[in-house]
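Per-entry structural report
Spelled out from the first residue to the last, the chains are:
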Amino acid sequence: MLVLGALTLDSWVVVSMEWISVNGLRSERSPRIAWIEGIRILGVVMLLLYHAQLRFTGYAYTPKPTGLADNLQRLILPVGILPDRSELAHLLGIPAWFGFQFIDVFVLISGFCLVVSLPGQPLDSGRFLRRRLVRVLWPFWTTAWMAYLALWAIASITHTAIPNLWQIFAATTFPLLFSYNGEPLMSTSSSWWVMSLILSFVLLAPFLCMLLQRWGAANLLLASTVLTLGYRALAVRMFDSYPTYVIWEGASGWQPFASVLAKLSTFVLGMVVGHFYLRHRGPALWTAQKALIVGIPVYCLGFVAQFYRIGWIVADLLVPIGLALICMVICRFLAENYQLEAFMLKLGSYSYSYFLVQGLVVDRTMQLVIGGNPVRYDLLLPVMVAGTLVLAMIVDYVTPLLRRIVGGILRDIDYVLVATPDLPRSLWDPKIGDAVRYRGEAGWTVLKVEKLLDERDCLLCQVSDGHRSLWVNEDDLEPAGERS
Amino acid sequence: MDIDRCGSMKTILNLPESALEAVKPKIRHIPRSKINEASHRSVEERIGVRKWSVDLDKLIYSHVVLIGLPTIFYYCLRVGGFSLTNLHMVIATFFILSSVMIIVEATNALFRRYAVPNPKPANRLDRLKQTIKANLGLTSDRPCTVANPLPRCTILVAAYLPNEQDIIVETLHHILATVNRPADGLELILAYNTPIDLPIEDELRNMAQHFPELCLLRVEGSRSKAENLNAALDIATGEIVCILDADHHPAADCFDRAWYWLEQGYDVVQGRNVIRNHQANLLTQNIAVEFEANYGVSHQAKSFLTDSTIFGGSNGYWRASVLKRIRFNPARMTEDIDATMRTLLSGYRIVHDRSIITTELAPANFSSFWFQRKRWAQGWLEVSCRYQRRVWRSCHFTPWQKIYWTYLLYYCVVYSLIALQMFPLLLSMLLYYGEIPQTDNPYLWFSTFITFFSGIYLTAVTMKIASVPYPRLYFVQHAAFIFFFTILKNMISVVGMYDYLSGDHQWVVTPRGQQKPRNVTSPTSALPAGIGLSTTKP
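Everything quoted here is computed from the prediction, not taken from an experiment.

**Some remarks on the pairing of strand β4 (residues 240-245) of chain B**
All names here are of chain B. Along β4, six of the six residues are buried, which leaves the element largely enclosed by surrounding structure. Taking every second residue as pointing to the same face, both faces of β4 are buried, with I240, C242 and L244 on one and V241, I243 and D245 on the other. Here strand β1 (residues 153-160) pairs with β4 via six bridges, running parallel. Paired with L156 across the two strands is I243, which belongs to β4. Here four bridges tie β4 to strand β7 (residues 316-319), and the two strands are oriented antiparallel to one another.

**Things to note about the nonpolar core**
Ranked by size, the top nonpolar core spans 125 residues in total, and within it L156, L190, A191, C242, F255 and A258 of chain B carry the most contacts. Once you skip the residues sitting within four places of it in the chain, L156 of chain B turns out to touch I189, A191, L229, A232, A236, V241, C242, I243 and L244 of chain B.

**Description of the environment of T93 of chain B**
Tracing the backbone shows T93 of chain B in helix α5 (residues 85-109). Between the C-alpha atoms of T93 of chain B and M429 of chain B, which are 336 residues apart in sequence, the distance is 19 Å.

**Comments concerning the confidence of the model for chain B**
Residues and elements named next belong to chain B. When pLDDT is averaged along chain B, the result is 81, and 80% of the positions lie at 70 or above. Confidence over residues 1-48 falls short of pLDDT 50; this stretch has 78 contacts with residues more than four positions distant or in other chains. For residues 516-538, every residue scores under 50 in pLDDT, and the model assigns this stretch 107 contacts once sequence neighbours within four places are set aside.

**A few points about the sheet that holds β7 of chain B**
Residue and element names in this part refer to chain B. One open sheet holds the eight strands; their spatial order is β3-β2-β1-β4-β7-β6-β8-β5, and the pairing between them is mixed. For this open sheet the edge positions go to β3 (214-218) and β5 (249-250), each flanked by a neighbour on one side alone. The sheet contacts of helix α8 (residues 168-178) involve β1, β2 (186-193), β3 and β5, and relative to β2 the element is tilted by about 170 degrees.

**Focus: the sheet that holds strand β1 (residues 435-438) of chain A**
All names here are of chain A. Taken in spatial order, the five strands of this open sheet run β4-β3-β2-β1-β5, and their pairing is antiparallel. Looking along the sheet, the strands with just one partner apiece sit at the ends: β4 (469-473) and β5 (477-479). Averaged over all pairs of adjacent strands, the angle between strand axes in this sheet comes to 45 degrees, irrespective of strand direction. Pairing between β1 and strand β2 (residues 441-454): three bridges, direction antiparallel. Of the residues in β2, the one forming a bridge with A435 is T445.

The rules behind the values
- Residues numbered from 1 in each chain as written.
- Chains lettered and ligands numbered in written order.
- Predicted model: local features only at pLDDT ≥ 70, side-chain atom pairs only at ≥ 80, totals over all residues.
- Buried ≥ 20, exposed ≤ 12 C-beta atoms within 10 Å, placed from the backbone.
- Helix = DSSP H or I, 4+ residues; strand = E, 2+ residues; numbered from the N terminus.
- Pairing = 2+ DSSP bridges.
- Core = buried A, V, L, I, M, F, W, Y, C linked by C-beta atoms within 7 Å.
- Contact = placed C-beta atoms within 7 Å.
- pLDDT = per-residue confidence, 0-100.
- Axes fitted to C-alpha atoms, helices over the stretch in contact; angles between N-to-C directions.

Laid out in structure tokens, this is it:
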């Protein structure tokens with residue numbers, strides 16, 4: 001459970017960061033890159049498989065700092081533990097034991113997408129944080145609210161346990177009961193406690209963007225790498241800690257490796273790659289040959305490093321670089337096919353919700369249907385993968401509806417309770433031909449102005465961006481030269 | 001008479017080319033030689049046809065969410081030993097509240113309220129009889145007389161010509177031939193838009209030359225009824241402005257009756273809309289009775305009970321000075337209800353008079369009906385979300401009005417969702433017990449009884465006060481179908497809500513009579529468009 005929680009901690013963080021930096025709500029999404037989406041799809045599926053395999057085998061294998069040979073030997077051991085499992089199924093399952101490695105790949109591409117989604121724009125931290133927090137929290141709340149209804153029904157019909165009311169309250173009102181270790185959330189989904197860490201990443205993102213501009217890419221990367229390596233060395237040598245995906249004994253447990261600092265340089269590296277990508281340079285534009293020549297050795301180094309205690313310091317820095325380069329080559333190749341490209345772009349958008357749901361699906365399926373039956377496990381594995389996708393789609397569908405309903409209720413309450421309801425007042429006087437920003441977006445021109453009575457005189461403007469024209473309230477407009 | 005006599009809307013001046021291009025392409029001038037060819041092509045070919053089945057996926061999805069999933073959920077709870085009686089009673093309470101409101105409104109509507117004072121008989125006994133009959137609402141209709149001379153009046157007819165070119169001439173002829181002229185004169189403005197030049201425009205120009213009261217106003221760049229009306233308001237000269245749709249045929253004395261209320265201090269008078277093509281099919285027959293119930297019973301009672309009502313988008317008579325301030329919002333799905341709320345919130349008063357009659361065409365096929373009701377549902381939800389909170393805080397609403405308008409806005413929205421929950425409750429019962437067991441809970445029995453009774457009672461009252469002597473069969477079948485008709489409207493309403501909450505504000509022109517529904521853009525969308533010039537009835 002410890003490993004599982006730690007694993008999904010990372011996955012949540014990175015997927016959320018990926019989500020918040022690129023996707024958000026679909027209506028507000030930045031242009032997306034097909035091969036990035038492809039990596040995300042591959043990553044979330046691998047993490048689900050990893051999660052499921054751990055649960056099914058009772059954590060039969062996790063990397064340990066006992067050397068390469070011992071770990072390779074132990075990789076074969078699960079067959080002995082589960083004799084009903086076929087050799088072929090076991091061999092096919094070996095990559096799933098390392099599904100956790102995509103966590104750091106997500107960290108890397110999160111940084112990349114953060115920079116790519118803000119090309120050349122000065123970052124408005126307040127606006128950035130507001131939008132990102134909303135994008136992270138609403139899908140979580142939707143998942144939580146829907147999950148508890150479903151869990152209540154399942155518990156009723158199967159007479160199984162359900163989280164108690166306090167735990168339900170903690171999850172449905174998060175982050176009201178903010179707790180770094182996420183204890184109240186873990187009873188519902190072992191991965192949910194990482195929401196607090198996701199919020200930490202969100203808060204850090206504008207600061208890192210500012211440093212990228214202020215210090216430059218090379219200096220920021222150098223500083224963050226020194227900081228991360230120093231912190232990881234402290235975690236291993238001084239804190240007596242171990243990585244999130246390892247079962248081991250240590251004084252500080254796995255929490256030091258779940259910290260933002262343990263992943264910082266990977267995130268910054270992604271930002272730097274994104275920074276160069278915007279200038280049409282860097283690893284994201286490397287040829288397949290060059291990417292593989294660099295990627296495979298780096299991955300191998302990181303892979304071996306994870307089996308040694310001293311290697312823990314650098315393993316999580318090397319693995320994502322190598323793995324991301326290899327995956328980039330594969331996904332770029334696949335994205336050359338138009339249909340596959342569209343497929344990646346479509347499914348990639350559900351990855352955050354996929355993560356929110358996958359823990360619930362795997363846990364309940366294992367508990368209620370599969371038990372320890374290998375045949376059922378093999379049959380239901382693809383069902384879990386597809387079923388989680390369907391549920392993620394539902395979550396993404398319902399999220400904006402819930403957001404509007406709850407937002408409307410809160411606006412009503414605010415309006416009723418506020419001491420003096422304040423109707424929006426005109427701050428300027430739009431004229432025909434004025435260049436304006438519509439909801440922050442530049443490039444609009446006022447075509448017509450209508451004055452209506454709505455308790456006070458208010459203006460309605462028909463605006464056009466050269467392609468579309470629409471009627472909007474004056475409150476949604478601001479002069480083109482100003483930012484509120 | 002030339003179109004330019006009234007001035008066309010050429011307000012787009014000194015703009016960048018790109019901005020002008022956003023408007024210009026919407027007007028496609030076709031060569032003269034092509035006009036005849038174009039006129040022979042069906043409207044469907046030119047502006048597209050939509051069927052209700054395009055919403056089938058949303059219908060299924062929304063009902064799976066609102067009925068299917070709750071059925072499974074309730075079933076699981078029943079298996080787990082939970083009693084859902086309390087939930088059942090909560091839902092029943094909503095049914096009871098709505099039924100009580102219907103009964104109160106229907107009973108109130110039995111009592112007449114005329115736009116003209118009662119003539120007093122000389123005989124005392126006759127006077128007593130008149131008083132008793134008046135209090136019981138049994139007095140008969142009578143011609144209207146006004147104390148002061150009627151000022152100059154303006155009728156604004158809004159039209160989207162590709163959709164309404166077949167009926168507009170008839171409507172204009174009817175108005176010009178029927179409506180009583182005030183001493184200061186009558187002005188009739190046809191404010192229309194069209195994405196292409198149409199042969200009907202030549203006919204309209206000829207007509208305008210023969211009737212000086214008729215003024216044609218082609219509103220360039222317009223994509224909505226609201227834009228057409230706003231443009232027409234800029235040139236209207238009457239002190240009273242009547243707004244009509246392209247299919248509306250008002251009664252001769254409409255201004256005389258409306259003037260009575262305007263003289264009493266009201267700012268808007270809403271008349272009664274009656275279905276003209278009621279004999280077309282079962283759907284129009286039901287809509288005819290429904291309109292009688294709405295305009296003859298519900299709105300009338302609302303006006304009497306709360307001294308406020310809605311402006312339904314047509315057959316409304318406005319003090320021109322008020323309407324020129326209120327104007328219409330093109331960004332709204334239902335600009336009429338939006339105008340109603342802004343009017344009331346700004347302290348103006350609206351009254352309903354069911355003796356002011358206009359006839360109109362009901363949608364005669366299911367697709368038209370579907371899109372019309374969906375737009376109403378979307379618009380009603382939009383208005384509810386925007387104005388409910390302001391009603392609660394407004395100093396222009398009395399406490400009773402606030403309660404009533406909460407009933408009309410939020411309650412009606414919530415009710416359509418809550419009422420649906422009766423189905424999953426019963427279905428889960430069926431799944432669990434294998435049958436729907438009879439309850440001995442008197443509260444549930446009472447709610448069932450009063451729900452069915454209110455529908456039948458409303459139909460009976462509607463039959464009594466109907467402005468048109470429809471065949472009794474209409475009312476009998478309406479009473480028989482009212483349950484299913486209500487469910488159908490509820491289903492459409494749910495899809496409309498779903499669209500609204502999903503941010504899908506695209507809507508469809510309501511075709512007239514037997515026409516099919518057409519693809520039309522949202523007033524706030526980017527597509528080249530026309531408008532849907534139909535009224536909004538809750």
